[in-house]
Amino acid sequence: MNRETTAHSQRNDLPLPFLLALFGYFALHIALRVAVSGSLDYDEAEQALLGQWLLAGYTEQPPLYTWVQYLLFGLFGKNVFAVSLLKNGLLLCTYISVFFAAREILHDHRRAILATLSLLFIPQIAWESQRDMTHTTLVVFAAAATLWQVLRLIRKQSVTNYCIFGLLLGMGVLGKANFFLFLTVLLLTLLSFSEGRKVLISQKILVSLLIAAAVTSIYAVWMINNQDIVFSATHKFKRAVENYWQKGVISLFTNSFLFLTPLWLIWLLIFPQGFRPTGPNNSGFHRQFIGRYLLLLFFCLLVVVIVGKVTYVKDRWLQPLLFIAPIYFFARLSPGAISQSRFKLFLRIAAAVALVIYLAFAMRVVGASYINRFCRMNYPFAPIAEDMRRLGFAEGLIISDDRFIAGNLHFQFPTSTALVPEYHFERLVDPASSPSIAVVWETANRGKIPSDLKEYLEKTFNLPVTDFPVHYLEHIYLFGRTETVTLAFTLLPLPGNKVELSSLSAQMERKPLRNKQE
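The structure displayed is predicted, hence computed values, not measured ones. (Residues numbered from 1 in each chain as written. Predicted model: local features only at pLDDT ≥ 70, side-chain atom pairs only at ≥ 80, totals over all residues. Heavy atoms only, no water.)

Participant: Please set out empty space enclosed by the protein residue by residue, giving values where relevant.
Facilitator: Counting across every chain of the model gives one cavity of 30 Å³ or more. The volume enclosed by the largest cavity comes to roughly 30 Å³. Every residue along the wall of the largest cavity is listed here: L91, T94, I125, S129, T136, T137, V140 and Q319. Within the residue set of the lining of the largest cavity, elements represented by two or more residues are α5 (80–106), α7 (123–132) and α8 (135–155). Per-element tally for the lining of the largest cavity: the top contributor is α8, with three residues. For the lining of the largest cavity, the class distribution of residues is three nonpolar, five polar and no charged. (1 Å grid on protein atoms, 1.4 Å probe; cavity = no way out; pocket = protein on both sides within 12 Å on 5 of 7 lines; lining within 4 Å. Points joined across faces, edges and corners; volume = space filled by probe spheres on them. Helix = DSSP H or I, 4+ residues; strand = E, 2+ residues; numbered from the N terminus. Nonpolar A, V, L, I, M, F, W, Y, C, P; charged D, E, K, R; others polar.)

Okay, structure coming up:
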């Protein structure tokens, strides 16, 4: 059997046990997330907040993640399951896309499996994406799937493949802005090879561009009309007047190294041959493709750092760019260099790391009291919501200066609308349809309502906030022993409501409470 026939056979055979194991791994993550806590983490709460509406755009981040989350809320209700299903579904698709992209390059199931499982040794992907990430999770999947599709286009330039390529381009653009950097490097890599140039100069590429334009058209119009929101995140790039390029370059290479730690150490211990100089390139075009991609990637990153005066490169920005590194490493190893014993050893270590991730995810919530470090999933929103009901709030508007609080309380009162001042979504609310406003904020020292929140309520709803009592809802953290968290709460009527201000204020003062009041 010649090499071409072997490669064709590898592409058509599916390692079902491995794919089922991936499915089981992420299914267990969903079950664990639902079992551990019904409270949302920060980015999850933001999606609960934004997912109240289906809009062309929301914040400086593209809207696709929220669109899909909105759909899942409609199918499964507003709950942690719907939130975790989307995140873990994207992670599963990312691992599968990396596997198939690796198989296109390596023509070998074992090395493709090893390259895929290497993602478990990248903390930013294996841990941070599980802990609390949304748009980054989507864009990494879009990048991995686009890489796989480009490799399929190199092999077969069919109209169907160009259509899929166009859909993935649209998905990446609607996922996160750093997809453009990944796409730039990918296109430059294609242009550097005759095989890649054939893909790009084909007239069929117009089909991809038309589909991508159609998919992103609604958001593109929104961007034009909301440029102040789109460019509001430029402050995330830290800049300095002096020595900015030195700081940026050092940050780029340091964080790139840390991004791949401890992965490189595992490789060094099990497959040291991958770090040795290689002889003649027996992987042909595909290995050259991945190597040139990485070379062009760091060149482009250097340009961005120097021209953009970026002084700090965050590791999460590297996720949709460096996920490809494991494929390159295993392209340096011939199939014969991976013995059965080393292959099994790598699988065992990967399984152990997966178990550690499960345990760490659970213990950061369940064991928070013992390490004296509570996370947002320890917040007791269910009993806090119960107190709010006893105080007279059943539904209406929920307003907070913290999207974490607003998103979580929206889950507790799903028929209510949650708002935060920074998003300016009050234009989507009909005040006449809401009987009251629940204003909630976090207070560690029982201080009064924050001035910014007070000003927002007075200007937006013309309400004299200080005329109403503030109640302090204090509860023990989930899985806490004696440690408590306190939220401040006041109930206000909306203008035009039939309940008089004085009547509502007196009614609130008569309500019994277990918790202390001002």
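So, next bit.
Participant: Go over the side chain of S416, please, and point to the residues and values.
Facilitator: Examined against the element boundaries, S416 turns out to sit in the loop between α22 (403–412) and β2 (417–419). For S416, a relative accessible area of 3% gives the class buried. (Buried < 20%, exposed > 50% of the residue type's maximum accessible area, 1.4 Å probe, protein only.)

Participant: Can you tell me about the environment of Y379, naming the residues and giving the values?
Facilitator: Here Y379 is to be found in the loop between α20 (368–371) and α21 (381–390). Classification of Y379 by relative accessible area gives buried; the value is 11%. Taking the C-alpha atoms as reference points, Y379 and T486, separated by 107 residues in sequence, lie 9.6 Å from one another. The residues contacting Y379, other than those within four sequence positions of it, are S39, F404, E442, Y477, L478 and V485. (Contact = heavy atoms within 4.5 Å.)

Participant: Kindly report on the pattern of salt bridges, identifying the contributing residues and their values.
Facilitator: A full pass over the atoms with the stated rule returns twelve salt bridges. Of the charged contacts, one joins E44 and R33 as a salt bridge, the two residues approaching to 2.9 Å between their closest N and O atoms. Placement of the pair is E44 in helix α3 (residues 42–50) and R33 in helix α2 (residues 16–36), with a sequence separation of eleven residues. R33 carries the same exposure label as E44, and that label is buried. Residue R376 pairs with D41 through a salt bridge whose shortest N-O separation is 3.7 Å. With R376 in the loop between α20 and α21 and D41 in the loop between α2 and α3, this residue pair connects regions lying 335 residues apart in the sequence. According to the relative accessible area criterion, D41 is buried, its value standing at 2%. One network of salt bridges, in which partners are shared, links R33, E44 and K87. (Salt bridge = Lys/Arg side-chain N within 4 Å of Asp/Glu carboxyl O.)

Participant: Which residues make up the nonpolar core, and what values go with them?
Facilitator: If you look at the biggest cluster of nonpolar residues, it comprises 95 residues, and the most contacted ones within it are L147, F289, I327 and F330. Apart from the residues within four sequence positions on either side, F330 is in contact with L106, R111, L114, A115, S118, W267, F271 and I338. The next biggest cluster of nonpolar side chains, apart from the first, holds 71 residues, and it includes W53, Y65, Y456 and L463. (Core = buried A, V, L, I, M, F, W, Y, C linked by side-chain atoms within 4.5 Å.)

Participant: Hey, could you go over the layout of surface pockets for me, with residue numbers and the actual values?
Facilitator: When its volume is computed, the second largest pocket comes out at roughly 400 Å³. In terms of lining residues, the second largest pocket is bounded by 16 residues, among which L260, W267, F275, A325 and Y328 are the most central. Secondary structure elements with two or more residues in the lining of the second largest pocket: α14 (244–259), α15 (263–270), α16 (284–307) and α18 (325–331). Along the lines of polarity and charge, the residues of the lining of the second largest pocket split into twelve nonpolar, three polar and one charged.

Participant: Provide a residue-level description of the packing of aromatic side chains, including the pertinent values.
Facilitator: Counting across every chain of the model gives 33 aromatic pairs. Relative to W222, the ring of Y219 lies with its centre 5.8 Å away and its plane at 15°, an arrangement referred to as stacked. Taken together, the residues span about one helical turn, with Y219 and W222 both in helix α12 (residues 205–225) at a distance of three residues. Judged by centre distance (5.4 Å) and plane angle (55°), the ring pair of F275 and F329 falls under tilted. Of this pair, F275 sits in the loop between α15 and α16 while F329 is found in helix α18, placing the two residues 54 residues apart along the sequence. Taking relative accessible area as the criterion, F275 reaches 40% and is therefore assigned partly exposed. Relative accessible area serves as the criterion here: at 5%, F329 is assigned to the buried category. Counting every residue linked through ring pairs, the aromatic cluster contains F121, W267, F271, F275, F329, F330 and F346. The ring of Y370 is capped by R481, whose NZ or CZ atom sits 4.6 Å from the centre of that ring. (Phe/Tyr/Trp six-rings, centres within 6.5 Å; stacked < 30°, edge-to-face > 60°. Lys NZ or Arg CZ within 6 Å of the ring centre and 35° of its normal.)

Participant: Hey, could you go over the packing of helix α9 (residues 159–173) against α12 for me, with residue numbers and the actual values?
Facilitator: In the contact formed by α9 and α12, the axes pass within 7 Å of each other and the chain directions differ by 35°. As for the relative orientation of α9 and α12, their crossing is right-handed in sense. Each of Y162, C163, F165, G166, L167, L169, G170 and V173 in α9 lies in contact with α12, whose residues at this interface are I205, V207, S208, I211, A212, V215 and T216. Looking at the contact of α9 with α12, its residues break down into eleven nonpolar, four polar and no charged. (Axes fitted to C-alpha atoms, helices over the stretch in contact; angles between N-to-C directions. Left-handed = near helix turned anticlockwise from the far one by under 90°.)

Participant: Provide a residue-level description of the sheet that holds strand β5 (residues 484–493), including the pertinent values.
Facilitator: Spatially, the five strands line up as an open sheet ordered β2-β1-β3-β5-β4, and their pairing is mixed. One side of each edge strand has no neighbouring strand; the edge strands of this open sheet are β2 and β4 (471–476). Ignoring strand direction, the axes of neighbouring strands in this sheet form an average angle of 25°. Sheet topology note: the strand β1 (residues 397–400)/β2 ladder contains three bridges and is parallel. Bridging across to β2, L397 finds its partner in T417. (Pairing = 2+ DSSP bridges.)

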